[in-house]
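As a plain string of letters, each chain reads:
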Amino acid sequence: MVVTVAMDTSALMMPVESDVRLFDELDRLLGTFECVVPRAVCDELSKLAEGAGKEAVAASVGADLAAERCRTVEHEASYADDALVELAPEFDYVVTNDGPLKGRLLDADAPVIHIRGRNKLAISKP
């Protein structure tokens, strides 16, 4: 069975913002996996990419990664974090570097993959 991993905005921006080799780290932790991204995350990345500076560059890279490496999923929620919490039961893991979202996901019994240390990923389970 292939593990399904949902990505949030901060996860897709990790390669630029935190120097995390995102997909290599997921390979290390999980082996074979499929990435999915909620539509609201794609929309958020596109909006952030319109700005200027390092955040815009990170969002642009994240949007490209989402388009190239992830399957987009539709949902009811309009806000990206709400969409991830809504969809979490459908996925094996959610990847995020957002502390409040991580707490919400763990409270909803969803395992979370997050940065541990400088640039490695780790799994937290509820």
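Computed from a predicted structure; not experimentally measured. (Residues numbered from 1 in each chain as written. Predicted model: local features only at pLDDT ≥ 70, side-chain atom pairs only at ≥ 80, totals over all residues. Heavy atoms only, no water.)

J.: I'd like a rundown of the overall build of the protein, residues and numbers included.
T.: Scanning the protein from N- to C-terminus turns up 6 helices and 6 strands. Helices and strands in the protein line up, N terminus first, as β-α-α-β-α-α-β-α-β-α-β-β. Computed over the C-alpha atoms, the radius of gyration of the protein is 13 Å, within 12% of the 14 Å expected from 2.2 N^0.38 for a compact globule of 126 residues. For the protein, the spread of C-alpha atoms along the principal axes amounts to about 35 × 35 × 25 Å. Across the 126 residues in the protein, those meeting the buried criterion constitute 47%. Counting only contacts in the protein whose residues sit at least 6 apart along the sequence, the fraction spanning at least 24 positions is 62%. (Helix = DSSP H or I, 4+ residues; strand = E, 2+ residues; numbered from the N terminus. Rg over C-alpha atoms; globule rule 2.2 N^0.38 Å. Buried < 20%, exposed > 50% of the residue type's maximum accessible area, 1.4 Å probe, protein only. Contact = heavy atoms within 4.5 Å.)

J.: Report on the environment of His 75, specifying residues and quantitative values.
T.: For His 75, the position within the fold is in the loop between strand E3 (70-73) and helix H5 (80-87). Separated by 46 residues in sequence, His 75 and Leu 29 have C-alpha atoms that sit 27 Å apart. Beyond its immediate sequence surroundings of up to four residues, His 75 is in contact with Pro 38, Arg 39, Ala 40, Ala 83, Glu 86 and Leu 87. In terms of polar contacts, His 75 uses its side chain to reach the backbone amide nitrogen of Ala 40, at 3.0 Å. A polar contact of 2.8 Å, which involves the side chain of His 75, links it to the backbone oxygen of Ala 77. (Polar contact = N/O pair within 3.5 Å; in protein donor to acceptor, adjacent residues only side chain to side chain.)

J.: So what's going on with the pairing of strand E6 (residues 120-124)? Which residues, and what values?
T.: Of the pairings in the sheet, the one linking strand E5 (residues 112-116) to E6 comprises 5 bridges and is antiparallel in character. Note on E6: the bridge partner recorded for Val 112 is Ser 124. Counted between consecutive antiparallel strands, the loop separating E5 from E6 contains 3 residues, among which Gly 117 sits at a positive phi close to 75°. (Pairing = 2+ DSSP bridges.)

J.: Quick one: what's the story with the packing of aromatic side chains, residue by residue and with numbers?
T.: By the definition in use, this model includes 1 aromatic pair. A centroid spacing of 6.5 Å and a plane angle of 10° characterise the contact between Phe 23 and Phe 33, whose relative ring orientation is stacked. Highlighted residues: Phe 23 in helix H2 (residues 22-30) and Phe 33 in strand E2 (residues 33-38), separated in sequence by 10 residues. Here Phe 23 and Phe 33 have matching classes, each one buried. One Lys or Arg, Arg 69, reaches over the ring of Phe 23 and ends 4.0 Å from the middle of that ring. (Phe/Tyr/Trp six-rings, centres within 6.5 Å; stacked < 30°, edge-to-face > 60°. Lys NZ or Arg CZ within 6 Å of the ring centre and 35° of its normal.)

J.: For unusual backbone geometry, give the residues involved together with the corresponding values.
T.: Working note: non-glycine residues mostly have negative phi, and peptide bonds are mostly trans. Even without being glycine, Asp 19 reaches a positive phi, approximately 55°. Mapped onto the secondary structure, Asp 19 falls in the loop between helix H1 (9-17) and H2. Assessed through its relative accessible area of 46%, Asp 19 is described here as partly exposed. The phi angle at Asp 109 is positive, at roughly 65°, despite the residue not being glycine.

Purely spatial values, then, with no claim about function.
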